[in-house]
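Here is what each chain is made of, one letter per residue.
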Amino acid sequence: MRVSEIHAPSSLAEVLEQRRRLPEAAFYAGGTELLREQAGRFLRLPPEIISLGAVPELRQVALTERFVEIGAAVTLAEILELRENAVPELLAVALRGVATPAIRNLATLGGNLATRSRFMDSWPALACLDALAEFRDASGSHWVNVNRIADAEGLPAPPAGALLSRVRIPLERWDAIAIRKVGLRDYPAAETAVFALAARAEKGILSEFRLAFAGERSLRLREVEARILGRRLPLNAKERRSFSGDYREAASSLPPGLKQQFGTLVDGALDLLSR
Ligand SMILES: Cc1cc2nc3c(=O)[nH]c(=O)nc-3n(C[C@H](O)[C@H](O)[C@H](O)COP(=O)(O)OP(=O)(O)OC[C@H]3O[C@@H](n4cnc5c(N)ncnc54)[C@H](O)[C@@H]3O)c2cc1C
């Protein structure tokens with residue numbers, strides 16, 4: 001039988017010290033992703049584990065007028081229990097769509113965002129909200145825009161070996177938001193992905209338009225968003241056709257089922273701006 005060495009630090013400083021000593025160790029938060037596909041009698045765990053569940057600094061939530069800061073080891077269920085308006089609706093809806101209540105009681109925001117095998121459900125909402133993630137390693141603390149957790153190919157790229165310590169989410173007014181999960185609902189399958197949209201207008205002019213889609217790969221087209229921004233609402237039929245075409249073209253690399261659903265969701269979002 002293989003034995004895993006489990007370390008249970010009780011402060012952030014201890015986590016970082018253990019990470020320095022054990023660069024290959026896996027961080028274990030809720031464990032729901034690490035253990036996801038294990039149905040056998042015995043669990044298989046990485047040889048060295050740093051458990052994050054008892055680290056108070058990673059379990060804190062700080063709320064200001066401008067943002068909410070959520071520790072990486074706060075569970076999805078705990079986030080959903082925060083008081084009204086403490087969490088942007090876009091994120092709350094995305095988190096309610098994750099798995100089942102039992103899983104959400106264990107699963108953490110940090111684990112959801114730091115998973116490398118695919119994008120999990122929080123990424124599209126956090127990307128639209130322009131959230132920042134704080135990563136810590138031997139060289140100190142680095143704030144990274146959640147959009148940069150995706151590489152040029154649209155694959156997940158959280159900084160290797162670093163601890164995700166907290167996520168800072170701006171609290172802003174949105175005039176239109178949309179979040180839809182497509183594919184298998186309660187499980188991250190190949191054809192499961194999440195679509196998110198956040199838009200705002202000032203005096204009839206579109207001042208913010210952010211659209212993100214992610215499953216095994218992510219899609220966020222900043223250049224199309226830049227072309228949509230500044231348009232007078234409602235969009236006319238020609239504008240709608242043009243932006244829809246741009247998004248559909250960019251989606252050509254998605255699996256066929258997802259490509260079609262993405263196109264329909266984009267058209268729905270553009271429809272919203274055309275009324
Ligand atoms: C039945 C089932 C259904 C699921 N359905 C969904 C779903 O619908 N949507 C969805 O999004 N997910 C789903 N998941 C996956 C998983 O539950 C979530 O993604 C969850 O948020 C992962 O968090 P965790 O704390 O359990 O992560 P863990 O399993 O503890 O860790 C996941 C990965 O992140 C790393 N990690 C964890 N915390 C940190 C940190 N602070 N810093 C750096 N690295 C870290 C770990 O080393 C590991 O590689 C499902 C899982 C199961 C078992």
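Above this text you will find the structure in question.
Given the structure is predicted, the values throughout are model-derived calculations rather than measurements.

(A) Focus on the overall build of the chain. A tally of helices and strands in the chain yields nine helices and 12 strands. Computed over C-alpha atoms, the radius of gyration of the chain comes to 19 Å, within 12% of the 19 Å expected from 2.2 N^0.38 for 275 residues, which places it in the range of a compact globule. For the chain, restricting intrachain contacts to residue pairs at least 6 apart in sequence, the fraction spanning at least 24 positions comes to 63%.

(B) Just the site of the ligand, in detail. Taken together, the neighbourhood of the ligand is formed by 30 residues, with Gly30, Gly110, Gly111, Asn112 and Met120 sitting nearest. Secondary-structure elements contributing two or more residues to the shell around the ligand are strand E2 (26-28), helix H4 (101-106), helix H5 (109-114) and strand E8 (163-170). Counting residues per element, the shell around the ligand draws most heavily on H5, at four residues. In the shell around the ligand, the residues fall into 18 nonpolar, eight polar and four charged.

(C) Geometry of helix H9 (residues 256-272). Over its 17 residues, H9 extends 25 Å from the first C-alpha to the last, a length consistent with the 24 Å expected when each residue adds 1.5 Å. Residues of H9 that are buried: Leu258, Phe262, Leu265, Val266, Ala269 and Leu270. One side of H9 carries all its buried residues, which in axial view fall inside an arc of 135°. Where H9 is buried, its residues touch strand E9 (176-182), strand E10 (193-202), strand E11 (205-214) and helix H8 (237-250).

(D) Examining the sheet that holds E9 more closely. With antiparallel pairing, the four strands of this open sheet are ordered in space as E9-E10-E11-E12. The sheet is open, and its two edges are formed by E9 and strand E12 (218-219), each paired on a single side. Inspection of the sheet shows E9 paired to E10 by seven bridges, in the antiparallel sense. Looking across to E10, one finds that Ala178 is bridged to Leu197. Contacts from helix H3 (residues 89-96) reach E9 and E10, with the element oriented near 15° to E9. The strands touched by H9 are E9, E10 and E11; relative to E9, the strand with the most contacts, the crossing angle is about 165°.

Each value, and the rule that gives it
The residue numbers shown here count from 1 along each chain, following its written sequence. For this predicted model, a pLDDT threshold of at least 70 governs which residues receive local features, and a threshold of 80 or more governs which side-chain atom pairs are given and counted, while totals over whole chains, interfaces and linings are taken from all residues. Only DSSP runs of H or I reaching four residues or more are called helices, and only runs of E reaching two or more are called strands; each is numbered from the N terminus. Based on C-alpha atoms, the radius of gyration is set beside the globule rule, defined as 2.2 Å times the residue count to the power 0.38. We call two residues in contact if the C-beta atoms placed from their backbones are at most 7 Å apart. Each residue gets a C-beta atom placed from its backbone. If that atom is within 6 Å of a molecule or strand, the residue is near it. Residue polarity is assigned by list, with Asp, Glu, Lys and Arg as charged and Ala, Val, Leu, Ile, Met, Phe, Trp, Tyr, Cys and Pro as nonpolar; anything else, Gly included, falls into the polar class. Multiplying 1.5 Å by the residue count of a helix minus one yields the expected span of that helix. Field definition: a residue is buried when 20 or more other C-beta atoms are found within 10 Å of its C-beta, exposed when 12 or fewer are, and partly exposed for counts in between, with C-beta atoms placed from the backbone. The directions considered for the arc are those from the helix axis to the C-beta atoms. Think of it this way: DSSP has to see at least two bridges between two strands before they count as a pair. Whenever a helix is involved, its axis is fitted only over the stretch in contact; in every case the axis is a line through C-alpha atoms, and angles between N-to-C directions fall within 0 to 180 degrees.

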